[in-house]
Structure formats: C-alpha cells, structure tokens
Amino acid sequence: MNKRQLSEEVARRMGVPLAVGNEAVTAVLDAIVRAVVAGEAVTLYGLGTFTRRAQAARMARNPQTGGRVAVPARHRVHFTPGLTFRRLVSDGQRVPADAVTIRRPARPSSGKKSS
C-alpha cells in the first residue's frame, strides 16, 4: 500500500472526498516525522513506536575494493511494532473489518469497588 492508496482508504472509511483523506494522512505523517526528528518517541498504541536512535561511527568494507571505509556517526529511525500488531502478523490472523484490533484493551479489575 502506498500513500495514495492509504489516503483513498482513509477517505472511504471517513466518507469524505479523497482530498480530505489525503490531507489527513499527510498531517499525521508530517506530525510523526517532525516529532521523531526532534528526538521524541511517537507511540501509536497497538501499532508501535517510532524513535530516533544514534548510530556510532564505524569502519565498513567496500565490497568492490575490499578496502576499509569510515562511516560517520548518524541518527536513524527505529520502529518497534506493538504487541497487537506483532501478534496479528506472526499468527497470520485475519484483521477484523471494524479494526477493533488497534484499541487499548480494557484494564483488568483490581477487585476494589469505587464508591
């Protein structure tokens, strides 16, 4: 699925024109990118977490010459899939049409009654 297809799906589910769906998808992706670039973690419950991680400088090998090449330090994006997402992918389960799979599960009762 590419961005256009995602925008079409969002527009269809929201019952709005494609332009509105595209605007919504663009806004969400822009917010995620800006937050990660700023060093913030972005957690979408059930889906996963996007973080920025530092990668140290290292020596690598040029596959054509076999010589060593210095690779400078940099930052990279890391995505950790959420438990619900991992389970759906690993179990090969069919995702329900109402997409309730990406909801926060109810917290177990502590046994205490509120007054």
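Here's a quick rundown of the structure. (Residues numbered from 1 in each chain as written. Predicted model: local features only at pLDDT ≥ 70, side-chain atom pairs only at ≥ 80, totals over all residues. Heavy atoms only, no water.)

## Section: the packing of aromatic side chains
Selection criterion: For Phe, Tyr and Trp, rings pair up if their centres lie within 6.5 Å, where Trp contributes its six-membered ring, and each pair is then called stacked (planes under 30 degrees apart), edge-to-face (over 60) or tilted (otherwise). To qualify as a helix, a DSSP run of H or I must reach at least 4 residues; to qualify as a strand, a run of E must reach at least 2; elements of each kind are numbered from the N terminus. Each residue is placed in one exposure class: buried if its accessible area under a 1.4 Å probe, protein chains only, is under 20% of its type's maximum, exposed if it is over 50%, and partly exposed if it falls in between.
Applying the stated criterion across every chain, the model contains one aromatic pair. Arranged with centres 4.8 Å apart and planes meeting at 45°, the rings of F50 and F79 form a pair that is tilted. Residue F50 is located in strand β2 (residues 48-55), and its partner F79 is located in strand β5 (residues 74-81); the two are separated by 29 residues in the primary sequence. Judged by relative accessible area, F50 falls into the partly exposed class, the value being 22%.

## A look at the sheet that holds strand β1 (residues 42-44)
Put simply, the test is: When DSSP finds at least two bridges between two strands, those strands are taken to pair. Simply put, an axis is a line fit to the C-alpha atoms, just over the touching stretch for a helix, and the angle between two N-to-C directions goes from 0 to 180 degrees. Only heavy atoms enter the contact rule, under which two residues are in contact if any of them lie within 4.5 Å.
A sheet is described by the order of its strands in space; here three strands give the open sequence β1-β2-β5, paired in antiparallel fashion. Each of the sheet's edge strands pairs with one partner strand only, and the pair in question is β1 and β5. Strand-to-strand, the axes of this sheet are offset by a mean angle of 25°, without reference to chain direction. The pairing of β1 with β2 spans three bridges and is classified as antiparallel. Across the sheet, the residue bridging to T43 is T49, located in β2. Taken strand by strand, helix α2 (residues 18-37) contacts β1, β2 and β5, and its axis lies near 35° from that of β2.

## What to know about helix α1 (residues 3-14)
In plain terms, the rule: What a helix should span is 1.5 Å times the count of its residues minus one. Polar contacts here mean pairs of N or O atoms no more than 3.5 Å apart (in protein, one a potential hydrogen donor and the other a potential acceptor; neighbouring residues in sequence count only if both atoms are side-chain atoms).
The end-to-end C-alpha separation of α1 is 16 Å, in line with the 16 Å expected for twelve residues at 1.5 Å each. Its side-chain oxygen at 3.1 Å from the backbone nitrogen of R4, N2 defines the N-terminal cap of α1. Directly after α1, the chain includes G15, whose backbone phi takes a positive value near 70°.

## What to know about the pairing of strand β3 (residues 58-61)
Where β3 lies against strand β4 (residues 68-71), four bridges are found, and the strand directions are antiparallel. Along β4, the bridge assignment pairs R61 with R68. As consecutive antiparallel partners, β3 and β4 are separated by six residues, and within that stretch G66 has a phi angle of approximately 85°, a positive value.

## Let's talk about the packing of α1 against α2
To keep it simple, the criterion reads: Helix crossings are classified by the rotation of the near helix relative to the far one: an anticlockwise turn of less than a right angle makes the crossing left-handed, while a clockwise turn makes it right-handed.
As a packed pair, α1 and α2 sit with axes 8 Å apart at the nearest point and diverge in direction by 115°. For the pair α1 and α2, the crossing hand works out as right-handed. Where α1 approaches α2, its residues K3, R4, L6, S7, E8, V10 and A11 are matched on the opposing element by L18, G21, N22, A24, V25, T26 and L29.

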